[in-house]
Amino acid sequence: MKLLKIALTSAVRIAFVTACVSPLTALADITIGSVLSLTGPAGFLGVPEKRTLDIYVDRINAAGGVLGQKIKLITYDDGSKADQARTYATRLVEDDRVVAMVGGSATGTSMAMLPVFEETKTPFISISGGAQIIDPVRKYVFKPPQTDIMACQKVFEDMRKRNITRIAMLYGTDGFGMAMRNACLAWQERSGIKIEHEESYGPSDADVTPQLSNIRKLTSIQAVLSPGIGQGPAIVTRNFRQVGMTVPLYLSHGAATNGFIGLAGAAANGVRLPGPALLVAESLPDSDPQKKVVLEYKNVYEAAAKEPVSAFGGYAHDGLLLLVDAIRRAGSTDRDKIRDEIEKTRGFMSTVGEINMSPTDHLGITLSAFRMLEIKDGKWHLAE
Amino acid sequence: MTSAIQFTFSGLTMGAIYALVAIGFVLIYNASSVVNFAQGEFVMLGGMLAVTFVGLGLPLPLACLASIALTTLVGLLLYLLAIRPAGDASVVSLIIITIGASIFIRGVAGVLLGKGIHQMPDFLTWQGLNIAGASLGSQSLLVLIGTSAIVLALWFFLARTLLGKAIVATASDRLGAQLAGISTSLVIALCFVVSAAIGAIGGLLITPIGLTSYDFGAALAVKGFTAAVLGGLGNPLGAIVGGLTLGLLEAWSAGYISSLYKDAIAFIVLLAVLVLMPNGLMGRSSVERV
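Residues numbered from 1 in each chain as written. Chains lettered and ligands numbered in written order. Predicted model: local features only at pLDDT ≥ 70, side-chain atom pairs only at ≥ 80, totals over all residues.

### With respect to the packing of helix α1 (residues 2-32) of chain B against helix α2 (residues 39-55) of chain B
All names here are of chain B.
No. 1: Running from amino to carboxyl end, α1 crosses α2 at an angle of 130 degrees, the nearest separation of the two axes being 9 Å. Classified by the angle between their axes, α1 and α2 sit oblique to one another. Between α1 and α2 lies a crossing of right-handed hand. Residues Val21, Gly24 and Phe25 of α1 form the contact with α2, whose own contacting residues are Gln39, Gly40, Phe42 and Val43. (Axes fitted to C-alpha atoms, helices over the stretch in contact; angles between N-to-C directions. Helix = DSSP H or I, 4+ residues; strand = E, 2+ residues; numbered from the N terminus. Parallel < 35°, antiparallel > 145°, perpendicular 65-115°, else oblique. Left-handed = near helix turned anticlockwise from the far one by under 90°. Contact = placed C-beta atoms within 7 Å.)

Right, here's the structure in full:
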C-alpha cells in the first residue's frame, strides 16, 4: 500500500516536472481556480454557480479566449465545509498555479480561503454574501454580490414607504439567517424601524406555528421580517397563512429563487423581498441599464442548463466576467496587474447592478442592486 | 390559551412523526439488537420517491403506494446485502454498517432524485380545524390519524398473528425462538421490511408540512433515536410516548422560551430521564432479560 502510494506520488511529481519544462508551457492556458460548495447544505448555491462558470468559460474560449489564450477552469467541491475550502484554496495556488480565483459559495468558505489568497497575492473574487469578506478592505479580495446589510436597508426603505415602523422578526438560526438578523438589528434605528419582537427557528424545523402564534398575539406589530435560506422561508410562509396572519410578510434575498414559489405555493402571494433584477428580467423597462445583461445571462443559462436561473448563478457570471474583463485590460496574466485592474473597474454592468470598484471599496455596488419584489399570482413582480 | 393550543398541535404533529421513526428503530432493535441508523433514510425515501412519482405524472395515491413499495424493497435489500452477509459480526459493527448504508442511500438519492428541496400538496383540499383560534391543518390531522392507524395495525400484527408472534418471540429470546422452529433470519428481514414501510408512510405524511430533500433523513434519525431512548429502547409503546414527549417538548420550548434552546431542552430532559429512570420512561428493567 505504502509502496503504491510512493509510486503514485513520484509518478505525479515526474508528470508535473515534465509539464513544467515542456515547450508547450509557452502556449499555456490561463488557469483560473474555483472552490464551490457542490454538495452538502450549500449545494443548491454551488451547483448553478458551477454550471454558469462552465457555460461561460466554454463561450469565452469558443470566441477566441482571452489575450489569445484559452481559459482553463479548475473547480473543487468543498462539500460546504470551510476547512476543505481552505485545503483546496492552497492546492489551487501551490499545485495548480492559478492566476486568479472566482468562487466561495458561502461566506464561511470564502472567509476560510481568503488568508491563502492574501498571503500568496492571488486576486480572489468571492461570490458570497457576507459583508465581512470586504470589510475591512483586503488588498486581493473583491466581492460584488449584495450584502445582508443592503438587504435590511432595502426592506426597511420599503417598509417606511408603506408607513410600517413596528415589526417582528422571525429568523433562521443558520449562518445566513443569523448574519442578516444581526445586520438588521444594527441598522433598525438608522432606518427608523423598530424590531419589537424576535423569534427564531432551526434550519431543519418542519413547523414554526408556535413562533408565529407568539407574534400574532402582539397587536402593535405592523409587519413580519423573516431572514433565512433553504426550506425555512417556504415553511414560514405556509405557516404564516395557516395561522391566519394578515400583516405584510417580508422575506430575505435567501428566498429569491424560483424554487421558493414552487415550495410555498399559493401562500407566497403577497410576500415581498429584496431580490436581484434577474428574477424579473423580462418585465424590466427597456430603459433599465441592467436589462441587457440580465436578459442575456438568463437566456444563455436557461438554454444551456435547461433550468431556471438563480441569483447565485448570476453571482458566478458576474465574478467570472469581471475577472476576464480585468485580465483583458491588464494585457497580462501577472497577478498584481490583474488585481490592479479589478480595482480600477468602472461602470461594469452585471446582474447585481453597475460595479464601480475603488481602493476603499471592494464591493462596488449600491443599494440599487436590489429590487423590491412582490409575488403576485405565483410570479415575481417589481414592487416599485 | 390560543397559543398554548397551537404549540400543542405543532408538538403532537412533529411528535407523531418522531414516534413513527422511533417505532422503526425499536422493531429492528428488538429482533436483532441492531440500532438501524438508516431508519431516517426510509422516511426521506418515502417523501422523495412520492414527490418524484408525482412529478412523473402518477396520481397521488398511486405515487404513495409505489413509494412505500420501493422503500420497503430498499429496507429488504439493506438487510439482504448489508446486514445478513455480516453474519455474526458484533452489534457495533452492524450499527456501523447501518450508518454506512444511510450515507450510501442519501448519496444515491441526491444523485438520482436531485439535491433540491421538494414539496407535495396537502392530501386533502380541506383547510383543517380551527379550535379556539389555533389552527390544525388537515395534513397535521392526517399525520395524527395515520400514526394512530399504524400503531393499531402494528399492535394487531404483533399480538394477533402468527408471524407477529414470531417477531415477539425472537425479540424476547432469539435462541429459544430458533429452537421452537422460528426462522429468525426471516423474522429479522420482516422487521426491516415493516420498519421501512412505516418510515416511508411517515415520510409521505410529513412532506406536505415540512417539505423534503435528499438529506432530510439524518436529522430525523437522531430525533427518532432520541425518542426511542426516551421511551425505553425496546418498547414500542415507549417509542410512541417518547416521540410525542419529544415533539411537545420541542414545540413548547420553541413557543415559551426560544427555538435556540429547543434541542438543548430536549436533550436535557433526555439526560434527566436516563439518570432517574435508566431504562427510559416505559422500559422494562434489564434484570428481566437475564
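### So, the environment of Glu343 of chain A
All names here are of chain A.
No. 1: Summarising the element assignment, Glu343 is placed in helix α12 (residues 335-343).
No. 2: Expressed as a C-alpha distance, the spacing of Glu343 and Leu263, which sit 80 residues apart in the sequence, is 40 Å.
No. 3: Beyond its immediate chain neighbours, meaning those up to four positions away, Glu343 contacts Met357, Ser358 and Pro359.

### Some points on helix α11 (residues 311-330) of chain A
All names here are of chain A.
No. 1: Taking 1.5 Å of rise per residue, the 20 residues of α11 would be expected to cover 28 Å, and the 29 Å separating its terminal C-alpha atoms lies within 8% of that figure.
No. 2: In terms of burial, α11 is largely enclosed, as 17 of its 20 residues are buried.
No. 3: Of the residues flanking the end of α11, it is Gly331, one or two places downstream, whose phi is positive at about 65 degrees. (Expected span 1.5 Å × (residues − 1). Buried ≥ 20, exposed ≤ 12 C-beta atoms within 10 Å, placed from the backbone.)

### So, the domain arrangement of chain A
Residue and element names in this part refer to chain A.
No. 1: Once the domains are mapped, chain A shows domain 1 (28-146 + 294-369) and domain 2 (149-275).
No. 2: Once you take the C-alpha centre of each, domain 1 and domain 2 turn out to be 30 Å apart.
No. 3: Counting from both sides, the interface comprises 10 residues of domain 1 and, opposite them, 12 residues of domain 2.
No. 4: Of the residues in the side of domain 1 that touches domain 2, the class split is 5 nonpolar, 5 polar and no charged. (Domains from an automatic or database assignment. Nonpolar A, V, L, I, M, F, W, Y, C, P; charged D, E, K, R; others polar.)

### So, the interface of chain A and chain B
No. 1: Each side of the interface is counted separately: chain A has 26 residues, and chain B has 26 residues.
No. 2: For the side of chain A that touches chain B, the elements supplying multiple residues, two or more each, are α2 (43-62), β7 (194-201), α7 (209-216), α8 (232-242) and α9 (258-264) of chain A.
No. 3: In terms of residue count, α7 of chain A provides more of the side of chain A that touches chain B than any other element does, 5 residues in total.
No. 4: Split into classes, the residues belonging to the side of chain A that touches chain B amount to 9 nonpolar, 15 polar and 2 charged.

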